[in-house]
Amino acid sequence: MNLTMLNPEQRKAAETLDGPVLILAGAGSGKTRALTYRVANLIDHGVNPYSILALTFTNKAAKEMKERIIQLVGDQAEDAWISTFHSTCARILRRDIEKIGYTRNFVIYDDDDQKALLKEILKTLNIDDKFIPVQEVKSKIGDAKNKLMDADEWFRQSSRDRRNQMIHDIMYTYQERLKALNALDFDDLLIKTLELLANHPPVLESYRNRFLYVMVDEYQDTNTAQYELIRLLTQKSRNLCVVGDDDQSIYRFRGATIENILHFEDQFENCSVIRLE
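Since we're looking at a predicted model, the values are computed, not measured.

Peer 1: I'd like a rundown of the pattern of salt bridges, residues and numbers included.
Peer 2: Taken as a whole and judged by the stated rule, the model has 18 salt bridges. Residue E120 is joined to R177 by a salt bridge in which the shortest nitrogen-to-oxygen separation is 2.8 Å. In this pair, E120 is assigned in helix α5 (residues 111-124) and R177 in helix α8 (residues 162-180), connecting sequence segments 57 residues apart. Relative accessible area serves as the criterion here: at 40%, E120 is assigned to the partly exposed category. For R177, a relative accessible area of 28% puts it in the partly exposed group.

Peer 1: Break down the packing of aromatic side chains for me, citing the residues and quoting the values.
Peer 2: Across all of its chains, the model carries six aromatic pairs by this definition. With a centroid separation of 5.5 Å and an interplanar angle of 55°, the aromatic rings of F57 and F85 are classed as tilted. You can see F57 sitting in the loop between β2 (52-56) and α3 (59-73) and its partner F85 sitting in helix α4 (residues 85-96), a full 28 residues away along the chain. Neither residue differs from the other here; F57 and F85 are each classed as buried. On the numbers, 5.7 Å between centres and 85° between planes, the contact of Y219 with F264 is edge-to-face. Highlighted residues: Y219 in the loop between β6 (213-216) and α11 (224-234) and F264 in helix α13 (residues 264-267), separated in sequence by 45 residues. Across the pair, exposure class does not vary: Y219 and F264 are buried alike. Among the aromatic residues, those joined into a ring-pair cluster are Y219, Y227, F264 and F268. Directly above the ring of F131 sits R163, whose terminal nitrogen or CZ lies 5.5 Å from the centroid. The ring of Y102 has K179 sitting right over it, with the charged end atom 5.2 Å from the ring centre.

Peer 1: Kindly report on the sheet that holds strand β8 (residues 272-276), identifying the contributing residues and their values.
Peer 2: If you walk across this open sheet you meet the six strands as β3-β2-β6-β7-β1-β8, and the pairing is parallel. Looking along the sheet, the strands with just one partner apiece sit at the ends: β3 (81-84) and β8. For this sheet, the mean angle separating the axes of adjacent strands, direction not counted, is 15°. Here β2 pairs with β3 via four bridges, running parallel. Counterpart to T56 in the pairing with β3 is T84.

Peer 1: Quick rundown of unusual backbone geometry? Include the residues and the values.
Peer 2: At L148, a residue that is not glycine, the phi angle is positive and equals roughly 60°. By the secondary structure assignment, L148 is in the loop between α6 (134-146) and α7 (151-156). When its relative accessible area of 40% is taken as the criterion, L148 is described as partly exposed. The backbone phi angle of R160 is positive, close to 55°, even though this residue is not glycine. Within the element layout of this structure, R160 appears in the loop between α7 and α8. With relative accessibility at 54%, the residue R160 sits in the exposed group.

Procedures and definitions
Residues numbered from 1 in each chain as written. Predicted model: local features only at pLDDT ≥ 70, side-chain atom pairs only at ≥ 80, totals over all residues. Heavy atoms only, no water. Salt bridge = Lys/Arg side-chain N within 4 Å of Asp/Glu carboxyl O. Helix = DSSP H or I, 4+ residues; strand = E, 2+ residues; numbered from the N terminus. Buried < 20%, exposed > 50% of the residue type's maximum accessible area, 1.4 Å probe, protein only. Phe/Tyr/Trp six-rings, centres within 6.5 Å; stacked < 30°, edge-to-face > 60°. Lys NZ or Arg CZ within 6 Å of the ring centre and 35° of its normal. Pairing = 2+ DSSP bridges. Axes fitted to C-alpha atoms, helices over the stretch in contact; angles between N-to-C directions.

The following block contains the structure:
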């Protein structure tokens, strides 16, 4: 592995291995390259790949990153967890979800499954889907979960009128039905992982001891639930490196909050800041 292939700022990013690191990078600045070399450099410095967790937003980005790292340091990189937030959470839950009242063969609902269940609930509650469209309530459920709000908290923060009371009832029934069906929706993968880690300290401790180095790509697109997961996992080691563009947030519609990257230096003290121009 030859770090002279990198420009000075990319090299600094690849060589700053310990403590909180914020890499600010716009499009075309070589951020993926810097992140890839950083993972490879950790392994080159004797860090067990088993102790490395790199989180991305798409399976394509995760696959690309892993392939690049393997090119740099060989097949040992296979032991690193390089995947999306949701895939990582699904792996954690498949091991320990029984601790929060589900079985390991839980089903993950896609958009069509969610809509079908919501239609059924609207019918059961005698609510006209022209008055409260399925897509609207589905979006509100996702937004609430991304902000770590259950149905009651969502209602408390709403205008608390008759319509919102009905949406609350749909949201509450929806979650009850999912539990009865041993099913999770996409957002639940994060929410239930947080529930597991927060309520079962030995499980949290085991992952803190395992993932000694955590990296997050496209950090500007993280939401509240994702931030909380990262915070929990890195509270002990403090070895967190995030890469993002503080000028954009393309996932805001999914609950992403640009404040996560803007306030990173306040939330993680003594952090190194590197700008890839």
